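The residues making up each chain are set out below.
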Amino acid sequence: MTDCVGSAYEDRVVVVTGSSRGVGFSIANHFLAHGAQVIGLSTASCSIESNNYTHYAVRIDESDQVLAVFRGIRKRFGAVDILINNAAVLTSQHAMIMPVSSAQDMINVNFMGAFLVAKECAKLMKKKKWGRIVNISSMAVSLEPVGDSVYAGCKAALTTISNVMAKELSAINVTCNTLGISAIKSDMLAQLPEEKIDAVIASLPIPRYANFEDISNVIDFFVSEKSSYVTAQTIYLGGVS
Amino acid sequence: MSKKDAILEVIYEAIADLNDDKSEDEKVAATMDAILFGPESGLDSLDLVSLIVDVEGGASDLLDKSVSLSDDNAMDQDPVPFTSVASMLDYIMGLADEK
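Residues numbered from 1 in each chain as written. Chains lettered and ligands numbered in written order. Predicted model: local features only at pLDDT ≥ 70, side-chain atom pairs only at ≥ 80, totals over all residues. Heavy atoms only, no water.

Re unusual backbone geometry
(1) Moving on: Omega for the peptide link from Asp78 of chain B to Pro79 of chain B comes to 5°, which places this bond in the cis form.
(2) Moving on: With respect to the element layout, Pro79 of chain B can be found in the loop between α3 (72–75) and α4 (85–97).
(3) Moving on: Although it is not a glycine, Lys129 of chain A sits at a positive phi angle of roughly 55°.
(4) Moving on: Non-glycine residue Ala232 of chain A carries a positive phi angle of around 60°.
(5) Moving on: Note that Ala232 of chain A resides in the loop between α8 (212–223) and β7 (234–236). (Helix = DSSP H or I, 4+ residues; strand = E, 2+ residues; numbered from the N terminus.)

What about the packing of helix α2 (residues 63–77) of chain A against helix α2 (residues 45–63) of chain B?
(1) Moving on: Two numbers describe how α2 of chain A lies on α2 of chain B: the axes approach to 11 Å, and their chain directions differ by 85°. With respect to each other, α2 of chain A and α2 of chain B are oriented roughly perpendicular. Of the residues in α2 of chain B, those in contact with Arg71, Arg74 and Lys75 of chain A of α2 of chain A are Gly57, Gly58, Ser60 and Asp61 of chain B.
(2) Moving on: Looking at side-chain class alone, the contact of α2 of chain A with α2 of chain B contains no nonpolar, three polar and four charged residues. (Axes fitted to C-alpha atoms, helices over the stretch in contact; angles between N-to-C directions. Parallel < 35°, antiparallel > 145°, perpendicular 65-115°, else oblique. Contact = heavy atoms within 4.5 Å. Nonpolar A, V, L, I, M, F, W, Y, C, P; charged D, E, K, R; others polar.)

Remarks on the interface of chain B and chain A
(1) Moving on: The interface of chain B with chain A comprises 13 residues on the first partner and nine residues on the second.
(2) Moving on: When the two sides are added together, the surface that chain B and chain A hide from each other amounts to roughly 900 Å², 45% of it contributed by carbon and sulfur.
(3) Moving on: Taken together, the links from chain B to chain A amount to five salt bridges.
(4) Moving on: Its salt-bridge partner being Asp64 of chain B, residue Lys75 of chain A comes within 2.4 Å of it at the nearest N-O pair. (Buried area = accessible area lost by both parts, 1.4 Å probe. Salt bridge = Lys/Arg side-chain N within 4 Å of Asp/Glu carboxyl O.)

Considerations on the side chain of Asn85 of chain A
Residues and elements named next belong to chain A.
(1) Moving on: Structurally, Asn85 can be placed in strand β4 (residues 82–85).
(2) Moving on: The buried category is assigned to Asn85, whose relative accessible area is 2%.
(3) Moving on: In this structure the side chain of Asn85 is engaged in a polar contact, spanning 2.9 Å, whose partner is the backbone oxygen of Ala114.
(4) Moving on: When residues no more than four places from it in sequence are discounted, the contact partners of Asn85 are Thr17, Ala114, Val117, Ala118, Val134, Asn135 and Ile136. (Buried < 20%, exposed > 50% of the residue type's maximum accessible area, 1.4 Å probe, protein only. Polar contact = N/O pair within 3.5 Å; in protein donor to acceptor, adjacent residues only side chain to side chain.)

Remarks on the pairing of strand β5 (residues 131–138) of chain A
Residue and element names in this part refer to chain A.
(1) Moving on: Within β5, eight of the eight residues are buried, which leaves it mostly tucked inside the rest of the structure.
(2) Moving on: Here β5 shows no split at all, with Gly131, Ile133, Asn135 and Ser137 on one side and Arg132, Val134, Ile136 and Ser138 on the other all buried.
(3) Moving on: Pairing analysis gives four bridges linking β4 to β5, with the strands arranged parallel. Residue Ile84 lies in a different strand from β5, and its bridge partner there is Val134.
(4) Moving on: With helix α3 (residues 100–126) bridging β4 and its parallel neighbour β5, the resulting β-α-β unit is right-handed.
(5) Moving on: Across eight bridges, the pairing between β5 and strand β6 (residues 174–181) is parallel. When the bridges of β6 are listed, Ile133 appears paired with Cys176. (Pairing = 2+ DSSP bridges. Right-handed = clockwise from strand over helix to strand, strands pointing away.)

Below is the structure:
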């Protein structure tokens, strides 16, 4: 059960994709702990137990499933205030031996899935003429590590989606920003060779792993009421630029 | 209220919401023959997107199924469904009658 430690997000409806584990799980719990109604989307079931948490098992890269889920969200919640577009899959492999199916999965989930969810959330933000969209990106966009051609490409595209949507949605007071997270110990990172990650970490201006508070700090900034003049921005953690 | 009237009400409500932010001379007529898209329409692109989103949402709630006026099927129509109030109504009625 998530303990409530504050009310900063009371009355806010927050959609978090990829909420069943890793960073998304922590983000969902962060908003719950501060009073939000959280809607989690992921392919897997979720262990979060809270009266303020609603989970939808959905493939975000399947438009019919996304439409059905958002029809349900519209009926039950009426509007959405905040979207944290976090869900992603990663296969790190040299381009010449990258399985096409893995590359396609990354494009489908990390790019199309993020777009489909942002598209439907924006419609539900329009009702209140207020909203915050935060797309979770990666230091891979800037560092362009070997093996991450498709992953980094998808995350770079996510920044572009975010910046264009920032223009399109400014008329309804919806901001769109991107958070490029550095390495955080998670299931996704565990797929990669430790020595590769350690080498990347050592090259950062702040040479340590990110922790969840580093991430939630920037998310809190982006979604704040006071950040209404902050849009189409990307913040990287750890000094990545 | 008939299904046709209920759908028309959804469209007119969306037009009313759009008109809330407009001056008198910019308001869109809530009539069957109102032109929404093309050279004869007074709507800018953001107005049209806003109207389409509101009608899609309202019609989806009403019919309890996803209604899109801008998916591949809709865009294959001639005229496209959001050309006028009448064409919107016809297209949504067609979707409503689909099994």
